[in-house]
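Survey of secondary and tertiary structure
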Amino acid sequence: MPNVFVTGASGTIGHGIALEYARRGYDVAVHYNRTAEPAVKLAEEIRAMGRKAVLIKGDISSVEEIGRMFREFEEQLGEVDVMVCNAGVTVIFPLLEANEKLFDRVVDTDFKGTFFCTSFAAKNMIAHKVKGTVIVISSNHDKGCWMNFAAYASVKAGLDKFVMNAAMELAPHGIRVVGIAPGYTATEEANRTHVAFGIEDTSYYDGVTSCIPLKRFGTATEVGKLAYFLSSEDAGYITGTTVTCDGGALLPALTGKWKLMKGADPLDPTLDEWPDKLNDPNARRKKKQQI
Ligand SMILES: NC(=O)c1ccc[n+]([C@@H]2O[C@H](COP(=O)([O-])OP(=O)(O)OC[C@H]3O[C@@H](n4cnc5c(N)ncnc54)[C@H](OP(=O)(O)O)[C@@H]3O)[C@@H](O)[C@H]2O)c1
């Protein structure tokens, strides 16, 4: 059976990715760092599907820890067929209030962690003569800009570049490296109940989705399905690129619909009125006169 190593499987997107690979017949290394309970439950769920699931704990901001995690993987499952570098933190802070601790947290986890997980996974693949795939979970912050995300967004943009370079270096070994840039993503349950990121106020969900062309959050399962496709033979000619999976959330930004708001919230309750205002020739003429 092929093996997949999913970092951050105790979290929302990692859970969806791990389950999707299990459904497709993979044995799964379920990685977690601080929250064991969801990882243990997920491993049980995967075993109930008739697949093997092993638990691997570790902090990916430490290269030493990553080395240990891969030794454990090797002992328990052997070869890495697919590596999904998903674990990450979304640390939000204004540039003017930045401090080294916050900066290091996001860079060490999201960038250094992904970089070294890819490196260790590739070494395992080469040692086992596996023409595997590394999937890097980026974010649509790689291209879009939201207030107070300077560190996170820069790291995610950096990961897209990393995907390109890693793909070029690993291509001679038959290893592909592909990124996925999700937008707002939650569990199916959260989508059904309109609860976003555990925020019980459903108006938050409605407010955000009103700005997304497909009018809903993405689901962790959808990211899982995309990861599976990109690592499958059907995507065998795809490498060194990052696929955006965000319901078109970045598209209004290109046409000026997004408005940057105070804090990290990019929402404007009057946003839906904008297109009318913009299309009203009288309003445009008035604006011109003011200028
Ligand atoms: N959800 C979204 O809307 C969204 C959108 C775009 C991109 N993303 C990206 O998708 C990935 C997963 O996000 P998510 O929403 O599923 O987040 P999440 O629910 O908060 O889960 C994050 C996962 O990363 C793990 N993790 C955090 N710090 C770690 C560290 N130092 N060492 C090892 N593992 C660590 C966590 O492990 P423990 O909890 O066990 O500590 C958890 O499993 C991230 O890379 C994120 O940037 C998410």
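These notes cover the structure that comes with them. Quick caveat, the model's predicted, so the values are computed rather than measured. (Residues numbered from 1 in each chain as written. Predicted model: local features only at pLDDT ≥ 70, side-chain atom pairs only at ≥ 80, totals over all residues.)

Looking at the sheet that holds strand β2 (residues 27–32)
For clarity, the threshold we go by: Two strands pair under a simple rule: DSSP has to find at least two bridges between them. Secondary structure elements follow DSSP: runs of H or I no shorter than four residues count as helices, runs of E no shorter than two count as strands, and numbering proceeds from the N terminus. Lines are fitted to the C-alpha atoms to define the axes, a helix being fitted only along its stretch in contact, and any angle between axes, read from their N-to-C directions, falls within 0 to 180 degrees.
Across the sheet, which stays open at both edges, the 7 strands sit in the order β3-β2-β1-β4-β5-β6-β9 with parallel pairing between neighbours. Two strands in the sheet have a free side with no partner beyond their single neighbour: β3 (53–57) and β9 (241–245). Taking the axes of each pair of neighbouring strands and ignoring which way they run, one obtains an average angle of 20 degrees across the sheet. Pairing of strand β4 (residues 82–85) with strand β5 (residues 133–137), which is carried by 4 bridges, proceeds in the parallel orientation. Following the sheet pairing, Val82 is matched in β5 by Thr133.

Some thoughts on the site of the ligand
Note the cut-off: To decide nearness, the C-beta atom of each residue is placed from the backbone, and the residue is near a molecule or strand if that atom lies within 6 Å of it. All residues other than Ala, Val, Leu, Ile, Met, Phe, Trp, Tyr, Cys, Pro, Asp, Glu, Lys and Arg, Gly among them, are scored as polar; the first ten of these are nonpolar and the last four charged.
Surveying the vicinity of the ligand reveals 24 residues, the closest of which are Gly8, Gly11, Asn33, Arg34 and Gly88. Residue contributions to the shell around the ligand peak at 3 residues, all from helix α1 (residues 12–23). When its residues are assigned to classes, the shell around the ligand shows 8 nonpolar, 14 polar and 2 charged.

Points about the environment of Ala18
This is how the line gets drawn: Here, residue contact means that the backbone-derived C-beta atoms of the two residues sit within 7 Å.
For Ala18, the location among the structural elements is in helix α1. Residue contacts for Ala18: discarding those within four places in its chain leaves Val6, Ala9, Val28, Val30, Leu42 and Ile46.

Topic: the nonpolar core
This is how it is decided: In these notes, a nonpolar core means any group of buried Ala, Val, Leu, Ile, Met, Phe, Trp, Tyr and Cys residues linked to one another through C-beta atoms within 7 Å. Here the C-beta atoms are placed from the backbone, and a residue counts as buried if at least 20 other C-beta atoms lie within 10 Å of its own, exposed if 12 or fewer do, and partly exposed otherwise.
Formed by 67 residues in total, the largest nonpolar core has its most connected members in Val6, Ala18, Val28, Val30, Val84, Val134 and Ile135. In terms of residues, this core owes the most to one element, helix α5 (residues 150–170), which gives 9 residues. Contact partners of Val6, with chain neighbours within four places excluded, come to Gly14, Ile17, Ala18, Val28, Ala29, Val30, His31, Val84 and Asn86. Core analysis: the second largest hydrophobic core is formed by 6 residues, Ala186, Tyr205, Cys211 and Phe217 among them.

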